[in-house]
Amino acid sequence: MEFANDKDFKYAIQDTSHLYLGARMSFQEMLAWEDVPFKMKSIIHKHFLEEGKEETGFADALAGLTEKSFTYQVCKQLRLKVKAGIYQTKINRKGEETRKYVSKMYSLDEYLKLIEGTQEVVTEEISVSKLALLAFSL
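Just so it is clear, the structure is predicted and the values come from calculations on it, not from any experiment.

Scoring rules and cut-offs
Residues numbered from 1 in each chain as written. Predicted model: local features only at pLDDT ≥ 70, side-chain atom pairs only at ≥ 80, totals over all residues. Heavy atoms only, no water. Buried < 20%, exposed > 50% of the residue type's maximum accessible area, 1.4 Å probe, protein only. Helix = DSSP H or I, 4+ residues; strand = E, 2+ residues; numbered from the N terminus. Pairing = 2+ DSSP bridges. Axes fitted to C-alpha atoms, helices over the stretch in contact; angles between N-to-C directions. Contact = heavy atoms within 4.5 Å.

Of all 9 residues making up strand β5 (residues 121-129), 8 are buried, and the element is well covered by its neighbours. Bridge count between strand β2 (residues 18-22) and β5: 5 bridges; the pairing is antiparallel. When the sheet's bridge partners are listed, Y20 is paired in β5 with S127. In this sheet, β5 lies alongside strand β3 (residues 81-91) in antiparallel orientation, the contact comprising 6 bridges. Among the inter-strand pairings, G85 is bridged to a residue of β5, identified as V122.

Below, the discussion takes up the sheet that holds strand β1 (residues 12-14). Read across the sheet, 5 strands follow the order β1-β2-β5-β3-β4 without closing on themselves; strand pairing throughout is antiparallel. At either end of the open sheet lies a strand with only one pairing partner, and these are β1 and β4 (97-107). The mean angle between the axes of side-by-side strands here comes to 25°, regardless of whether they run parallel or antiparallel. With 3 bridges connecting them, β1 and β2 associate as antiparallel partners. Across the sheet, the residue bridging to Q14 is L19, located in β2. Its contacts with the sheet put helix α5 (residues 108-116) on β3, β4 and β5, and the angle it makes with β4 is roughly 145°.

The following block contains the structure:
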């Protein structure tokens, strides 16, 4: 699914407890973006960025994760969560089929199970705990 404006999912926002990154940002854009904290840039560079894969982002990197991979452990340490949307089809009392878009914040494990399914998943946002980011050692 393509959105009219791809910049809708390209942002870096912080509050007191979390860092939120738009899921359409590539790693290259995150490293260049001044609103992304330096420690997060260091983690991206060291643990997520593979040679020649600067154009990919978290959505692509998470798609291939397994529980045995070191990157998975890094994500768990950062308490990474993913906001994603799916289309749900329901049949109402009249027998009519309705399609509804539902957006929800998922834990890493829930998200990995979701993308394994056959549903169309729209990854919207990546959330990282600031406390976990603070405690993460490089």
